[in-house]
Amino acid sequence: MNAYKSIYAAAASGAVLVTVNRRLARTLHDGYARRQQSRGCQVWEQPAIFTLETWLRRCLAALGEEGRLLTPAQSDCLWQQMIRTDLDKHDLGLMQVQATSRLAAQAHRLVSDAQCVGQCAVSSPLFDLSPEHQAFLRWQSAYLLYCEQKGWLDTAALTGHIIQALSTGNIFAPSKFIFLGFDELNPVQTCLQQQLEALGTTVEVVVPESAPEVELDCYSCRDEMSEILAAAKWARQQLEDQVGTVAVVVPDLARLQGAVERIFRRELQRSLFPQRVAAQTFNVSLGNPLHQQGMVATALELLGVGYSVELDTISYLLRSPWLAGGVTEAGARAQLERWLRQQNVREISLSALIKLCRQRGDSPRSFTQLLLLLRDARSKTSFNSLSKSAPRSLVQWGDHFNQLLQQAGWPGERALTSEDFQTLSAWRDKLLPALAELSAVHPATDRSTALNLLRKLAMEQLFQPKAQDDRLQVTGILETAGLHFDALWVMGLTDQVLPGRVQHNPFLPVELQRQHRMPHSSVQHENDFAKLTMQRLISAAPQVVLSYPCRDGDMSLRPSPFMFAHLPDDYTVVAVDEDMTPEAKLIDLESLVDEVGVALNPAEAPHEVQGGTAIIKEQALCPFRAYAHYRLKVRALESPQAGFDSRLRGDLVHKVLERFWSQITSHQQLCALSAVELEQLLAKLTQKVLEQVELNEQATELLAIEQQRLTALIVDWLQQFEQLRTPFTVVAVEQRKKITLGALVLTAVPDRVDCLPDNGGQVVIDYKSGAVSNGDLVGAQLLEPQLPIYALKGFDGGQGQVVAVTFAQLRVGECAFKGVAASDGIIAGVKSVEKSLAAKRDIYDWAALLADWEQQLERLASEFAAGQAQVLPVKVSACQFCDLSGLCRIAARDGEE
């Protein structure tokens, strides 16, 4: 770029260029290479372009002292040790030691920088020291003394150390030295400048040349999200017009990064010129913590497995492609997870999980081997013959972690992408070495502490894949220092951003911070910094857009006063609607309504389908639900619950009553049992049922309580409801029968069919452990179709017609018969048709009700066979326990409407 022409010339002449950040250094290196290539050069000497920190470290290496310098992680570890030791000594407690250590290290750096250009004594009698200030002085003294004893060099003292080496001649000063991209030099950098100048070095503080004429626009947006959208549309337009390098500056990028990437990617994908628009490869300056990368997250999750493991962890490992078998066994692992969820496994020991997998028979082999590996790794040590509780160095633990991951087949069997290779390199070349480096300052420790340190390092290590495309760059304010673009949008310019807020370090006297103009120490300092920052941004491109959001929720926001300093007095701020940016080209998207699936072939009717009467019920509740569950075979994975879940309790009620009525086959036999005999029989039956049910560990602990609860519930039901009925004979229990309903052949299984001796009529009973409503049975919409199906089709075992259908609602404190009968008195509490809700629809007798049911059932069966799959729940409550909300997205549709 022309903006860097003089800088490249200085680099070619041998000058040392130090930049304020890595982005600027990388940009200058790339630009210098292009300059040399354009001149026909094939080989050239690498220019001396470094970040200031890199140059200082190179100087330290020239002294042969690079091994003395503490890494940031080592320094943080030392600060925490000093603080904890001091707290123990003074019998004090502090919850946030890690956060405190960072503030203490920041205070130490501020004092160290200020001391380079003059006296900066915290303990000066001029200042009234609080307990926090005194504590910091103790921590700092202990920290510096420990570093001196060990011969370590603190990072805060690095610049001062190099200045001292320059003054003694141990390092040769360059002939020319250029500071590039610095808005202002801090005290220690100023001291370095003065020392170099005293040695005859020509020192320059350079800001790239600004465009001679700047086209400046200013927009106001409704809120942050609409502002991001407006900037994304503007960026797309600039890329389509091929203006050159485009940048969008987001002051609070750390907080908004997720929203920015999502909105920008979605908007850029709408372009009609994909070859011009970097939809997937645009450059975001702020990386994500390394622990958020899938490969590293899997490694940390695997290493964190203990003697027992929760289902969430099992599920994560089963789904991860970063382990051996993660791809080839994906289907089998999905089936295993589904099975574990059906077993209501919430937390289980590794040994018990291995046993379950072996009992299942078809469990994925590689995953079972992984579990064996984890169990063995937890039960024995990899180092000599030491016990597992013996402390080890962090170097040893790093080797152990690496070995365990290799044995687990990490990072998987599939070919790695470029980003995957970069992630793996970050783990091997940065994260594990950083853990090993901590051994110098951290004593030998146990496995848990070592793993926590590794997690902490992964959270603090930012990972950003190498940019594949620099046409669009999204950066923070500081990352733009020294850079030049062809078009620039600066968003979020409220008075909360420029000027920034005054933030004093709590471990330094306020007067001291103001006296030495430390960062964020005064309003004047923030105003000066805001003025310099705005001037730099305005000068960074020939086309600049400034914007701010008007609201943050219910709070009104005001623009930064520094935004208007460069605008004409008569300039008007343009209000931008969140859906339209000036001159932005929108693309109309087509919408397609697809509510009909694949119909069953009429020529092959009737169709035998699996699912029983539940198919008709779900078709009535929501057509999409029936189609997804029974045609597409799609169901959400179950979420295990503590103890006995509602589904299991319902199954237990059915199984106990099935056994009971298989032995007690009539009302007469029921009444012949005494209360004691009835309770003993049910206790025995309940015990047998529970013995045959596979339970998780938590449910097993509650076995006795559940047996007592279940026995008491059924005893109460039989005594309060069944014994008070008119005589009956049980003629069928869980009897399966195939029935034809329209074009469908279904398998119906009524829980029980009673025969009434007086008229030979049949009563069909269906047990419910949940609440049911008569309105779902006889209301305008048939939402409980199983009983009407039984009433229409009849069952073997009795020659009479069905004269009543009823739910037996077995709930503690809410037991009841709920149904409808041909006449009163058949079952106590069950009304006749003419007294039920059916009368509101002018249905007064049993025959008319059967005809109405048959019409509705035939229609529902026909709709299912035709593939009707509308997302059309019959009522709001139909969605309450539906597992398909993420698939049908009804909430998103309702929100749009």
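Structure first, text after, so check above.
Just so you know, these numbers come straight off a predicted model, no measurement behind them. (Residues numbered from 1 in each chain as written. Predicted model: local features only at pLDDT ≥ 70, side-chain atom pairs only at ≥ 80, totals over all residues. Heavy atoms only, no water.)

**Student:** Could you give me a rundown of empty space enclosed by the protein, with the residues and numbers involved?
**Tutor:** Taken as a whole, this structure holds four cavities of 30 Å³ or more when the rule is applied. Its boundaries defined by the atoms lining it, the largest cavity holds a volume of some 110 Å³. Along its surface, the largest cavity is lined by Cys622, Phe624, Arg625, Val871, Pro873, Ala878, Cys879, Cys882, Leu884, Ser885, Cys888 and Ile890. A breakdown of the residues in the lining of the largest cavity according to their chemical character gives ten nonpolar, one polar and one charged. (1 Å grid on protein atoms, 1.4 Å probe; cavity = no way out; pocket = protein on both sides within 12 Å on 5 of 7 lines; lining within 4 Å. Points joined across faces, edges and corners; volume = space filled by probe spheres on them. Nonpolar A, V, L, I, M, F, W, Y, C, P; charged D, E, K, R; others polar.)

**Student:** If you had to explain a nonpolar patch on the surface to someone new, which residues and values would you point to?
**Tutor:** On the surface, Leu632, Val634 and Leu887 cluster together into a nonpolar patch covering about 240 Å² of accessible area. Note on Leu632: relative accessible area 46%, which makes it partly exposed. (Patch = residues over 30% accessible without salt bridge, like charges linked within 9 Å, V, L, I, M, F, W, Y side chains within 5 Å. Areas by Shrake-Rupley, 256 points an atom, 1.4 Å probe, with all protein chains shown as cover. Salt bridge = Lys/Arg side-chain N within 4 Å of Asp/Glu carboxyl O. Buried < 20%, exposed > 50% of the residue type's maximum accessible area, 1.4 Å probe, protein only.)

**Student:** Tell me about the sheet that holds strand S25 (residues 816-821), residues and numbers included.
**Tutor:** Reading across from one edge, S19-S22-S23-S24-S25-S26 is the order of the six strands in this open sheet, with mixed pairing throughout. This sheet does not close on itself; its edge strands, each paired only once, are strand S19 (729-733) and strand S26 (831-832). Pairing between strand S22 (residues 752-755) and strand S23 (residues 762-768): four bridges, direction antiparallel. By the bridge assignment, Val753 is partnered in S23 with Val764. Sheet strands in contact with helix H23 (residues 646-663) are S19, S22 and S23, and its direction is about 130 degrees off that of S19. (Pairing = 2+ DSSP bridges. Helix = DSSP H or I, 4+ residues; strand = E, 2+ residues; numbered from the N terminus. Contact = heavy atoms within 4.5 Å. Axes fitted to C-alpha atoms, helices over the stretch in contact; angles between N-to-C directions.)

**Student:** I'd love a proper account of the nonpolar core, names of residues and values included.
**Tutor:** Nonpolar side chains tend toward joint burial in soluble globular proteins. Residues Leu340, Trp410, Trp427 and Leu454 are the most contacted members of the largest nonpolar core, which totals 79 residues. When sequence neighbours within four positions are dropped, the list of residues in contact with Trp410 reads Met295, Thr298, Ala299, Trp322, Leu323, Leu405, Leu424 and Trp427. (Core = buried A, V, L, I, M, F, W, Y, C linked by side-chain atoms within 4.5 Å.)

**Student:** Account for helix H22 (residues 623-630), with residues named and values stated.
**Tutor:** Summarising burial for H22: eight of the eight residues are buried, a large majority. Of all the positions in H22, only Pro623, Phe624, Arg625, Ala626, Tyr627, Ala628, His629 and Tyr630 are classed as buried. Packed against the buried residues of H22 are helix H21 (614-621), helix H30 (846-865) and helix H31 (885-888).

**Student:** Describe the side chain of Gln36, naming the residues involved and giving the relevant values.
**Tutor:** Checked against the element boundaries, Gln36 lands in helix H2 (residues 22-38). Setting aside residues up to four positions removed in sequence, Gln36 forms contacts with Cys41 and Trp44.

**Student:** Tell me about the sheet that holds strand S5 (residues 215-221), and please be specific about residues and values.
**Tutor:** With parallel pairing, the seven strands of this open sheet are ordered in space as S7-S12-S6-S13-S14-S5-S17. Looking along the sheet, the strands with just one partner apiece sit at the ends: strand S7 (283-284) and strand S17 (574-576). Where strand S6 (residues 246-249) lies against strand S12 (residues 472-475), four bridges are found, and the strand directions are parallel. Directly across from Val249, in S12, lies its bridge partner Thr475.

**Student:** Would you mind going over the pairing of S25 in detail, with residue names and values included?
**Tutor:** Regular strands place their side chains on alternate faces of the sheet. Across the six residues of S25, five count as buried, placing the element largely inside the fold. Bridge count for strand S24 (residues 802-809) against S25 is six bridges, and the pairing is antiparallel. Across the sheet, Val805 pairs through a bridge with Val820, a residue of S25. Connecting S24 to the antiparallel partner S25 that follows it, the hairpin turn spans six residues, and Gly813 within it adopts a positive phi of roughly 80 degrees. In the sheet, S25 pairs with S26 via two bridges, with the strands oriented parallel. Paired with Val820 across the bridge in S26 is Lys831.

**Student:** Outline helix H29 (residues 786-793), supporting the account with residue identities and numerical values.
**Tutor:** Where burial is concerned, most of H29 is hidden: six out of the eight residues are buried. For H29, the complete set of buried residues consists of Gln786, Leu787, Pro788, Ile789, Tyr790 and Ala791. In the stretch just after H29, Gly794 is the one whose phi turns positive, near 65 degrees.

**Student:** Could you give me a rundown of the pattern of salt bridges, with the residues and numbers involved?
**Tutor:** Opposite charge on two side chains allows them to pair when their charged atoms are near. Under the definition given, this model contains 37 salt bridges. Its salt-bridge partner being Lys176, residue Glu204 comes within 3.3 Å of it at the nearest N-O pair. Of this pair, Glu204 sits in strand S4 (residues 202-206) while Lys176 sits in strand S3 (residues 176-180), and the two are 28 residues apart along the sequence. Accessibility expressed as a relative area gives 25% for Lys176, which makes it partly exposed. Taking the shortest distance from any N to any O, the salt bridge between Arg647 and Glu638 comes out at 2.9 Å.

**Student:** Go over the packing of aromatic side chains with me, naming the residues and quoting the values.
**Tutor:** On inspection of all chains with the given rule, the structure shows 19 aromatic pairs. Aromatic pair Trp410 and Trp427: ring centres 5.3 Å apart, planes at 55 degrees, arrangement tilted. Of this pair, Trp410 sits in the loop between helix H16 (394-407) and helix H17 (418-437) while Trp427 is found in helix H17, placing the two residues 17 residues apart along the sequence. For Trp427, a relative accessible area of 0% puts it in the buried group. (Phe/Tyr/Trp six-rings, centres within 6.5 Å; stacked < 30°, edge-to-face > 60°.)

**Student:** Before we move on, can you summarise the packing of H21 against H22 with the specific residues and values?
**Tutor:** Remark: H21 packs on H22, axes separated minimally by 5 Å, with the N-to-C direction vectors making an angle of 145 degrees. Taken together, the residues of H22 that come into contact with H21 (itself represented by Ala614, Ile615, Glu618, Gln619 and Leu621) are Pro623, Arg625, Ala626, His629 and Tyr630.

**Student:** Account for the environment of Gln641, naming residues and giving values.
**Tutor:** Within the secondary structure, Gln641 is located in the loop between H22 and H23. With 228 residues separating them along the chain, Gln641 and Glu413 place their C-alpha atoms 34 Å apart.

**Student:** Go over the environment of Gln269 with me, naming the residues and quoting the values.
**Tutor:** As for its placement among the helices and strands, Gln269 is situated in the loop between helix H10 (253-268) and S7. Residue classification places Gln269 among the partly exposed residues on the basis of a relative accessible area of 47%. C-alpha separation for the pair Gln269 and Gly482, spaced 213 residues apart in sequence, amounts to 30 Å. Aside from chain neighbours lying at most four places away, what touches Gln269 is Ala279 and Gln280.

**Student:** An account of the environment of Val327 is requested, with residue identities and associated values reported.
**Tutor:** Its location among the elements puts Val327 in the loop between helix H12 (311-319) and helix H13 (330-342). Owing to a relative accessible area of 41%, Val327 belongs among the partly exposed residues under this scheme. Sequence separation between Val327 and Glu413 is 86 residues; the distance between their C-alpha atoms is 7.1 Å. Leave out the neighbours within four places in its chain, and Val327 touches Pro321, Glu413 and Arg414.

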